[in-house]
Amino acid sequence: MGYLSPPPAPAPVVVYKDVGGLVSEYQAQTEIYRREGREVRLHECRSACTMALSLPNVCVYPDSQVKFHLAYNAIDHQTDAGVSAELFNYYPAAVRERLGYLTRQYRVLSGRELISLGIRNCNGGGQTMIAAAGRSRRGAQTIASATPASDPLGDLAQKVRGAVSQAFADPTSPPQGPIRLALAERDRLAATGSVDAMPTASVRSNGAAPLEAPEPPRRPPSAAFTSGDAQKSPEPAPEALAAPAPLIPGGYPILATGAFVPPLVGGAAH
């Protein structure tokens, strides 16, 4: 991208390589950038392009190359002292002091030298500080996430596992924790008559065998089926009398008498 062919505003003007041209054209374009407050980034800039150093939003890279020389007439190639002085006055005071004067040959200042003279670095500290702040925030989030969060379900599971392991432990040792508290509370309520002291299967601290739970009451006799019905022997069902099947004309019954009868051939026996 050249100095005289900028992108649409407000995009920055990035000058990759500009070899210069008519001083009047570059002077007019520089004033446009000044009014717009446009940022101009220089990579390689020669001759009249160096007028960009007068802009408040100009910047260079450490490896940039900015080349200065006397202005000359495009027709006879003779140097023009008046235009050269006007061109020289566009440069910041620190740059003029470093150059001292212009010559017909190029005098080159690198981006590092210009940065040391006060020209802004395009890779300046603002972006680096933002990146460092972002890394600090990410680090703080990582440290915060390293602390395990409280899990009520996990705590409950730990308590249940502890109670079960104690329940199946050595029966000679008294139960601990929730089981011991539950037994003590049940015995206290049974002694005060608050609850029915019905024996149930439980773990005893003295190692006694679990008591059997009482059997449920028997069902009352049903009117549809009594105990007397259960003692009766079932009566055999009457055999169904099979009605003789109708014979097809010219047909014979199949084993009607229990004996095999050969069929007649031609209507007569041989």
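Quick caveat, the model's predicted, so the values are computed rather than measured. (Residues numbered from 1 in each chain as written. Predicted model: local features only at pLDDT ≥ 70, side-chain atom pairs only at ≥ 80, totals over all residues. Heavy atoms only, no water.)

J.: Could you clarify how one ought to interpret the environment of Gln105 in this entry?
T.: With respect to the element layout, Gln105 can be found in the loop between helix H3 (93-99) and strand S4 (107-110). Given the relative accessible area of 55%, Gln105 is considered exposed. In this structure, Gln105 is in contact with Phe68 and His69, ignoring residues within four places of it in sequence. (Helix = DSSP H or I, 4+ residues; strand = E, 2+ residues; numbered from the N terminus. Buried < 20%, exposed > 50% of the residue type's maximum accessible area, 1.4 Å probe, protein only. Contact = heavy atoms within 4.5 Å.)

J.: When you look at the state of the cysteines in this model, what are you seeing that I'm missing?
T.: Two cysteines joined by a covalent bond between their sulfur atoms form a disulfide. Following the criterion strictly, the structure yields two disulfides and no others. Through a disulfide, Cys45 is tied to Cys49; the S-S separation comes to 2.1 Å. Here the disulfide of Cys45 and Cys49 is left-handed, its torsion about the S-S bond being about -125 degrees. Assigned by exposure class, Cys45 and Cys49 land together as buried. The disulfide that involves Cys59 links it to Cys122, with 2.1 Å between the sulfurs. On the S-S bond that ties Cys59 to Cys122, the torsion sits near 95 degrees, and the link is right-handed. Residue Cys59 is located in strand S3 (residues 58-68), and its partner Cys122 is located in the loop between strand S5 (120-121) and helix H5 (125-146); the two are separated by 63 residues in the primary sequence. For Cys122, a relative accessible area of 13% corresponds to the buried category. When the bonded cysteines of the protein are numbered from the N-terminus onward, they pair as 1-2, 3-4. (Disulfide = S-S within 2.5 Å.)

J.: I keep staring at the pattern of salt bridges and nothing clicks. Help me out?
T.: Pairing between side chains becomes possible if they bear opposite charge and their charged atoms approach one another. What the rule picks out here adds up to seven salt bridges. Residue Glu39 pairs with Arg120 through a salt bridge whose shortest N-O separation is 3.0 Å. Of this pair, Glu39 sits in the loop between helix H1 (23-36) and strand S2 (40-46) while Arg120 sits in strand S5, and the two are 81 residues apart along the sequence. Look at Glu39 and you get partly exposed, because its relative accessible area is 22%. Counted as one network, the salt bridges with shared partners bring together Glu39, Arg41 and Arg120. (Salt bridge = Lys/Arg side-chain N within 4 Å of Asp/Glu carboxyl O.)

J.: What exactly am I supposed to notice about the packing of aromatic side chains here?
T.: The description of an aromatic ring pair rests on the distance of the ring centres and on the angle between the ring planes. Summed over all chains, the structure comprises four aromatic pairs. On the numbers, 5.2 Å between centres and 85 degrees between planes, the contact of Tyr3 with Tyr33 is edge-to-face. Taken together, the residues Tyr3 in the segment before strand S1 (13-18) and Tyr33 in helix H1 connect sequence positions 30 residues apart. Like Tyr33, Tyr3 is buried. Ring centres 5.0 Å apart and planes at 80 degrees place the aromatic pair Phe68 and Tyr91 in the edge-to-face group. Residue Phe68 is located in strand S3, and its partner Tyr91 is located in the loop between helix H2 (81-89) and H3; the two are separated by 23 residues in the primary sequence. Comparing Phe68 with Tyr91 shows no difference in burial state: the two are buried. A connected cluster of aromatic rings, assembled from ring pairs, spans Tyr3, Tyr26 and Tyr33. Its guanidinium or amino end placed over the ring of Tyr106, Lys67 lies 5.9 Å from that ring's centre, counting from NZ or CZ. Cation over ring: Arg107 sits above Tyr101, and NZ or CZ is 4.9 Å from the ring centre. (Phe/Tyr/Trp six-rings, centres within 6.5 Å; stacked < 30°, edge-to-face > 60°. Lys NZ or Arg CZ within 6 Å of the ring centre and 35° of its normal.)

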